[in-house]
Amino acid sequence: MVNVEQLIKKAIENKKNSYSPYSKFRVSAVVVTDTGKVFYGVNIENASYSPTICAERSAISAAISSGERKIDTIIITGDSGYTYPCGVCRQVIREFMDKDGKIIIAKDENDYKIFSIDDLLPNSFSKEDVENV
């Protein structure tokens, strides 16, 4: 069982690892896989902006690089208000999260919202679509 409040605290603490010298907007993500392993990610900016990687993809990349293939929960927190994943991150989350997975957008450990991938990316294109071709 995932302790959401505890993981949100860890995600907030992890923002200190963000490399965001240009936007000054720190984002942290925590991924919990179906095996219960926890991975952390932060946004990593680049002076030319397009090679910038979001915290969500950073955490997912860490999980996939460690051999994990299924995300159960992802927690996302930023420096102001609710920080939602961008479109690219939503598509990457969809690749590794089943429809019953949880996306938690948190201001703090007492103020958060829980979504499914279908909530944030309805009618998405997925590996199931490719398999049916």
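Residues numbered from 1 in each chain as written. Predicted model: local features only at pLDDT ≥ 70, side-chain atom pairs only at ≥ 80, totals over all residues. Heavy atoms only, no water.

**Observations concerning the packing of aromatic side chains**
- This structure, assessed with the given rule, holds three aromatic pairs.
- Feature note: the residues Tyr82, Tyr84 and Phe115 constitute an aromatic cluster, connected by ring pairs. (Phe/Tyr/Trp six-rings, centres within 6.5 Å; stacked < 30°, edge-to-face > 60°.)

**Examining the environment of Glu95**
- Within the secondary structure layout, Glu95 lies in helix H3 (residues 87-96).
- Owing to a relative accessible area of 33%, Glu95 belongs among the partly exposed residues under this scheme.
- In this structure the C-alpha to C-alpha distance between Glu95 and Arg69, which are 26 residues apart in sequence, comes to 9.2 Å. (Helix = DSSP H or I, 4+ residues; strand = E, 2+ residues; numbered from the N terminus. Buried < 20%, exposed > 50% of the residue type's maximum accessible area, 1.4 Å probe, protein only.)

**Some details on helix H1 (residues 4-14)**
- Burial in H1 covers these residues: Val4, Leu7, Ile8, Ala11 and Asn14. Down the axis, H1 shows its buried residues gathered within 120° of arc, on one side only.
- At the N-terminal boundary of H1, the capping side chain belongs to Asn3, with an oxygen 3.3 Å from the backbone nitrogen of Glu5. (Arc of directions from axis to C-beta. Polar contact = N/O pair within 3.5 Å; in protein donor to acceptor, adjacent residues only side chain to side chain.)

**Side note on the sheet that holds strand E5 (residues 111-115)**
- Here five strands make up an open sheet; going across it, the order is E2-E1-E3-E4-E5 and the pairing mixed. Strands with a single pairing partner mark the edges of an open sheet, and in this sheet they are strand E2 (38-42) and E5. For this sheet the average axis-to-axis angle between neighbouring strands, irrespective of direction, equals 20°.
- The sheet contact formed by strand E3 (residues 71-78) and strand E4 (residues 97-108) spans six bridges and is parallel. Counted as the bridge partner of Ile74 is Ile103 from E4. (Pairing = 2+ DSSP bridges. Axes fitted to C-alpha atoms, helices over the stretch in contact; angles between N-to-C directions.)

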